[in-house]
Amino acid sequence: MKKILNHKSKIINLQSLVMLLFLGILFVNYFDVLKFKYYVPPGSDPVTHVSMTKEILETGKAPAPGYPPGFHYIVAGLSKISGADPIKTMVYFYPFLMFLSALAVYLFARQFFGPAVAILSLILFGFLSPQPRQTLWDGGFPNVITADFIMILGFLFFLRAYKYEKWRDVVLAGIILGAVPFFHHLSSYLMTFLLICIVPSLLLFGFITKQNFKKKLQIILTILVLVILIGAYPAYIYFGKGYLEQIANLFIAHAASLKGFIWRSTSLNSEAPPFDISWYSLVISPYLWFLGLLSIPFLLKGFLKDKKAQYLFMFVWAFAGLIISRPYSFSPLPGRFTRELAIPFSLCSAIFVVDSLRYFNNFWPRLILGILIGVFIIKGLLGLPGWVGKYNHMVFIRDLDKEALDWVKENTPKNATFAVAPFNNWFGLLTQRSFVNTNTDLDKIKNYDYLYINRWQKNWMWGEDPTRYIKIREEVKNRPDLQLIKTFGEENEKGIAIYKIKK
Amino acid sequence: MNNLNPKSYILNQLFKELFFAFLVIFLIILIYGLFQKDPGLGFFVPYWKKLMLLLGVCLVFEILAVFWRRG
């Protein structure tokens, strides 16, 4: 009885720790949004995501095929349920994606590597890795929900299906991995590449170890057929040929059109150029990079000696991830894929820590190693306060902007048209007025009713150089066709000015 | 370890000790790097080749230690 009670209290303690870690992850990711009262999510990509969500809410369907709309349908649904507008819903939902991502990592690790690796993965991934936080704060919401949540859950059921040969897992793996193309195109590419590497490795492993190879082959083929039927084919019907070509061309077009393949790869390359290999420890974080690499012998031992498929899965996942993050012709966005190493490397790091501590079974070596690894990880945790306000400079709408945009919304006719100089991508969504960003070209503003001159602050979102803002200010001063009606903040390039355009 | 011959046993222990020693050195250097003024660009980027070399040595002994026949 005492044994049972002890076991129960151990489980409860473990659950409390896991709960605490998840609460910590929520706290860390919601802190900035709540403390600094974000009006909009950081970055400029969310403008597109909010616009898509708004269109779904207004028309009931996503805009013409182009961007996978899965994430936007979810936000539209949440917006409907909560009654909040899509911008507010996005602001309060996007930090939750980190929670979902951490949940997927935890469940995957818990399923195949036990509670110790799972908890450590959660700490490493949730608190020490700058990724996918960086992707998230860059506005890559569909990327995070897909590559770091849906795909990981899909992999969980994929590996479960392979290991335990249950048809329920096969169906779940097919459905979840099949959903990926509806959420994010680049993640679809990543998943395809990983599956191309993982499937033959697992099949070869099953064949060599003679672990019911025929059944495993059936299972994997069924999952792949389901992914095609549920994911790829409907995506083809929905998005048209062009969308699937984005994924497929990078593989099959190699044979069909070498020129097209190279063009596509190199053109995407420019959007996220590859990181120099010396930067990997910074992009992924030194904790994950070095501990992750140290796991290689334990991973090799796991599948070569102990015949455990999960170690092979991890090895191929990390290795294939490394390959696709390098500037090869088949790697369209190596820079983006480097960030996606965070999850496999978190898991590998946790495997290394747990397995190496188990390996040194004498007291002193284990204690010394435990202390060193502990100091290493604690040093990382001490860096958490450095994240506070780290992405504030990417929030384009601050108090002054909100005040000005609210004024526009309340004090100008609904059908008024605006010229915005030099630009403010959030203008239309926050004022519900039609507008055009004019940059410094004020020649055609007579076609509009108002001129909104945006403020400048030293930052890449606004531009590091204030010259064009100063130029606009100087030009409007001497124009008789403009009547200043309202200013916000300083009466120079650091403030906002609204002019009525005389007809 | 009783079923290992003395030579294998000694090698087994040697690889294990060497893996431990290099791992400790490597971790100490990483911790030292983290405590630098700019642990990123000032330490992990300029010294990445040396760090990877030390990691490589560590990995060699780790592979030998992990894969060497143990009792």
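Calculation rules
Along every chain, residues carry numbers that run from 1 in the direction the sequence is written. Chains carry letters from A onward and ligands carry numbers from 1 onward, assigned in written order. Predicted model: local features are reported for residues with pLDDT of at least 70 only, side-chain atom pairs are reported and counted for 80 or more only, and whole-chain, interface and lining totals are derived from all residues. We count a stretch as a helix when DSSP gives it H or I for four or more residues in a row; a strand needs E for two or more, and each element gets its number in order from the N terminus. To get the radius of gyration, use the C-alpha atoms; to get the globule rule, take the number of residues to the power 0.38 and multiply by 2.2 Å. Put plainly, a residue is buried at 20 or more neighbouring C-beta atoms within 10 Å of its own, exposed at 12 or fewer, and partly exposed in between, counting only other residues' C-beta atoms, which are placed from the backbone. Any two residues are considered in contact once their C-beta atoms, placed from the backbone, lie within 7 Å. Orientation is described by lines fitted to C-alpha atoms, with helices fitted over the stretch in contact, and by angles between N-to-C directions that extend from 0 to 180 degrees. Each angle gets one of four labels, with under 35 degrees taken as roughly parallel, over 145 as roughly antiparallel, 65 to 115 as roughly perpendicular, and the rest as oblique. Side-chain classes are defined by residue name, with Ala, Val, Leu, Ile, Met, Phe, Trp, Tyr, Cys and Pro counting as nonpolar, Asp, Glu, Lys and Arg as charged, and the others, Gly among them, as polar. Here, a nonpolar core means buried Ala, Val, Leu, Ile, Met, Phe, Trp, Tyr and Cys residues linked by C-beta atoms lying within 7 Å of one another. Note that domain bounds follow an automatic or database assignment of domains. Each residue after the first adds 1.5 Å to the expected span of a helix. Note on convention: near helix rotated counterclockwise from far helix by under a right angle means a left-handed crossing. Clockwise means right-handed. Only when DSSP finds a minimum of two bridges between them are two strands counted as paired.

Visitor: Tell me about the overall build of chain B, residues and numbers included.
Guide: Scanning chain B from N- to C-terminus turns up 3 helices and 0 strands. For chain B, whose C-alpha radius of gyration is 16 Å, the value lies well above the compact-globule estimate of 11 Å for 71 residues. In terms of its C-alpha atoms, chain B occupies a principal-axis envelope of roughly 50 × 20 × 15 Å. The buried share of chain B, taken over its 71 residues, is 24%.

Visitor: Talk me through the overall build of chain A; I want residue IDs and the actual numbers.
Guide: Along the backbone of chain A there are 22 helices and 5 strands. For 503 residues, the compact-globule estimate of 2.2 N^0.38 gives 23 Å, and the C-alpha radius of gyration of chain A, at 26 Å, lies within 12% of that figure. Judged by the C-alpha coordinates and their principal axes, chain A covers about 85 × 55 × 45 Å. Counting the 503 residues in chain A, one finds 44% classified as buried. Residue pairs at least 24 apart in sequence account for 68% of intrachain contacts in chain A once pairs closer than 6 positions are excluded.

Visitor: So what's going on with the packing of helix α5 (residues 96-128) of chain A against helix α18 (residues 342-359) of chain A? Residues and values would help.
Guide: A pair of packed helices is characterised by two quantities: the angle between their axes and the separation of those axes. Residue and element names in this part refer to chain A. The contact between α5 and α18 brings their axes to 8 Å, and the two run at 95°. Between α5 and α18, the angle falls in the class roughly perpendicular. When α5 is examined against α18, the residues Val105, Ala109, Phe113, Ala116, Val117, Leu120, Ser121, Leu124 and Phe125 are found in contact with a partner set consisting of Ala342, Ile343, Ser346, Leu347, Ser349, Ala350, Ile351, Val353 and Val354. Partitioning the contact of α5 with α18 into residue classes produces 15 nonpolar, 3 polar and no charged.

Visitor: Tell me about the nonpolar core, residues and numbers included.
Guide: One recurring pattern in soluble globular proteins: nonpolar side chains tend to sit buried together. All names here are of chain A. Counting residues in hydrophobic clusters, the biggest one holds 157 residues, and the most contacted among them are Val105, Ala109, Met314 and Ile351. With 18 residues, the single largest contributor to this core is α5. Each of domain 1 (2-35 + 95-387) and domain 2 (396-501) gives at least three residues to this core. Discounting chain neighbours no more than four positions away, the residues touching Val105 are Ser121, Leu122, Phe125, Ile152, Ile343, Ser346 and Leu347.

Visitor: Would you mind going over the interface of chain A and chain B in detail, with residue names and values included?
Guide: Facing 21 residues of chain A, the contacting portion of chain B comprises 19 residues. Among the elements of the structure, α13 (280-283), α14 (286-294), α15 (296-304) and α19 (363-382) of chain A are those that each provide at least two residues to the side of chain A that touches chain B. Take the side of chain A that touches chain B: its biggest share by element is 8 residues, from α19 of chain A. Grouping the amino acids of the side of chain A that touches chain B by side-chain chemistry returns 17 nonpolar, 2 polar and 2 charged.

Visitor: Explain helix α9 (residues 185-209) of chain A to me, and be specific about the residues and the numbers.
Guide: For α9 of chain A, built from 25 residues, the straight-helix expectation of 36 Å at 1.5 Å per residue is met to within 8% by its first-to-last C-alpha distance of 36 Å. One or two residues past the end of α9 of chain A sits Lys210 of chain A, with phi positive at roughly 50°.

Visitor: Lay out α15 of chain A in plain terms, naming residues and giving numbers.
Guide: Taken together, the buried positions of α15 of chain A are occupied by Pro297, Phe298, Leu299, Gly302 and Phe303 of chain A. The elements touched by buried residues of α15 of chain A are α9, α16 (309-324) and α18 of chain A together with α3 (48-67) of chain B.

Visitor: Can you break down the packing of helix α7 (residues 141-164) of chain A against helix α8 (residues 167-179) of chain A residue by residue, with the values?
Guide: All names here are of chain A. Two elements in contact, α7 and α8, have axes whose closest approach is 8 Å; the angle formed by their N-to-C orientations is 155°. Here α8 runs roughly antiparallel to α7, going by the angle between their axes. When you trace α7 past α8, the crossing you get is left-handed. Taking contact as the criterion, the partners of Ile150, Leu153, Gly154, Phe157, Phe158, Arg160, Ala161 and Tyr164 in α7 are, on α8, Asp169, Val170, Leu172, Ala173, Ile176, Leu177 and Ala179.

Visitor: Lay out the environment of Arg455 of chain A in plain terms, naming residues and giving numbers.
Guide: All names here are of chain A. For Arg455, the location among the structural elements is in the loop between β3 (450-453) and α22 (467-477). The spacing of Arg455 and Pro422 is 33 residues in sequence and 9.1 Å in space, taken between C-alpha atoms. When near neighbours in sequence (up to four residues on either side) are disregarded, Arg455 contacts Leu400, Gly489, Lys494, Gly495 and Ile496.

Visitor: Please set out the sheet that holds strand β1 (residues 417-421) of chain A residue by residue, giving values where relevant.
Guide: All names here are of chain A. In space, the 5 strands of this open sheet follow the order β2-β1-β3-β5-β4, with mixed pairing throughout. Strands at the two margins of the open sheet, each flanked by one partner only, are β2 (434-437) and β4 (482-488). The average undirected angle you get between the axes of adjacent strands in this sheet is 25°. Relative to β3, β1 is paired through 4 bridges, and the arrangement is parallel. The residue of β3 that forms the bridge with Ala419 is Leu451. Strand contacts of helix α20 (residues 399-411): β3, β4 and β5 (496-501), with the helix running at about 135° to β4, the strand carrying the most contacts. Against the sheet, α22 touches β1, β3, β4 and β5, its axis set at about 145° to β3.

Visitor: Summarise unusual backbone geometry; cite the residues concerned and give the values.
Guide: Residues and elements named next belong to chain A. That bond from Gln131 to Pro132 is cis: its omega, 5°, falls within 30 degrees of zero. Inspection of the secondary structure assignment puts Pro132 in the loop between α5 and α6 (133-137). Looking along the chain, the bond that leaves Ala421 and enters Pro422 is cis, with omega of -15°. The backbone of Lys210 shows a phi angle near 50°, a positive value even though the residue is not glycine. By the secondary structure assignment, Lys210 is in the loop between α9 and α10 (213-239). Judged by the 8 C-beta atoms lying within 10 Å of it, Lys210 is exposed.

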